[in-house]
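Given next are the chains, with one letter for each unit.
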Amino acid sequence: MKRQHMVLLLGFTLLLITLSSPGIIYSAFHSPFRFLVIPSQQSEAENAINAAQSAINIAYTHLVVADRTGAPIIDLIESLNNAIADLNQARTVYNNMDYTSAITLAGNAQYIADSITEQSQHRRIATLVQLQVQIILAIAVTAIVILVTYLALTRWYKYRKQQRRDLLQMEIRLPDEEDDES
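Read on for an overview of the structure.

1. So, a positive patch on the surface
Next, step 1: On the surface, Arg-160, Lys-161, Arg-164 and Arg-165 cluster together into a positively charged patch.
Next, step 2: Looking at the secondary structure, you find Arg-165 in helix 5 (residues 99-169).
Next, step 3: With a relative accessible area of 44%, Arg-165 lands in the partly exposed category.

2. Regarding a nonpolar patch on the surface
Next, step 1: Taken together, Leu-153, Trp-156, Tyr-157 and Tyr-159 make up a surface patch of nonpolar side chains, about 510 Å² in accessible area.
Next, step 2: Along the chain, the position of Tyr-159 falls in helix 5.
Next, step 3: Accessibility expressed as a relative area gives 49% for Tyr-159, which makes it partly exposed.

3. Section: the side chain of Thr-117
Next, step 1: On the secondary structure map, Thr-117 appears in helix 5.
Next, step 2: In this structure Thr-117 comes out as buried when scored by relative accessible area, which is 11%.
Next, step 3: When near neighbours in sequence (up to four residues on either side) are disregarded, Thr-117 contacts Ala-55, Ile-58, Ala-59 and His-62.

Rules used in this analysis
- Residues numbered from 1 in each chain as written.
- Predicted model: local features only at pLDDT ≥ 70, side-chain atom pairs only at ≥ 80, totals over all residues.
- Heavy atoms only, no water.
- Patch = residues over 30% accessible without salt bridge, like charges linked within 9 Å, V, L, I, M, F, W, Y side chains within 5 Å.
- Areas by Shrake-Rupley, 256 points an atom, 1.4 Å probe, with all protein chains shown as cover.
- Salt bridge = Lys/Arg side-chain N within 4 Å of Asp/Glu carboxyl O.
- Lys, Arg positive; Asp, Glu negative; His and termini not counted.
- Charge placed at Lys NZ, Arg CZ, Asp CG, Glu CD.
- Helix = DSSP H or I, 4+ residues; strand = E, 2+ residues; numbered from the N terminus.
- Buried < 20%, exposed > 50% of the residue type's maximum accessible area, 1.4 Å probe, protein only.
- Contact = heavy atoms within 4.5 Å.

Now the structure itself:
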């Protein structure tokens with residue numbers, strides 16, 4: 001049992017000597033390659049990148065729907081491409097272990113994607129309302145044209161009918177024979 005205590009004591013002493021060496025402490029904390037990364041910052045960067053990817057997917061879906069309704073989306077497509085570029089840049093800096101920049105770029109990409117989603121929904125609704133107004137207007141104009149045509153034709157038909165009656169009711173007067181002899 002004493003031997004195990006001696007080995008542990010010797011191992012602990014060597015560990016303390018190793019950690020107290022100034023060269024090791026300096027290189028561990030001031031190295032350009034930081035091996036002591038805060039796990040929460042790395043996971044926060046991963047979450048930000050995943051959230052940005054999800055927001056871009058949702059924005060794309062809303063753009064497709066808005067395009068199918070006929071809404072103008074050319075400028076929104078350019079903005080979505082910018083968001084995708086920001087997300088790709090965030091992934092690049094994440095791979096280079098620059099988690100703060102990755103979080104910032106991913107947050108920017110998510111913000112752009114969310115605004116695209118909102119704008120595409122507004123444009124889709126505005127286009128649908130415009131289409132509904134056009135359909136209602138077309139139906140109203142068609143109904144008015146049919147009504148006016150019906151009224152014009154019925155008046156014309158009554159007028160022609162009245163003219164026939166007047167013609168049939170006219171008396172044809174022949175000159176009397178007596179009047180001709182004189």
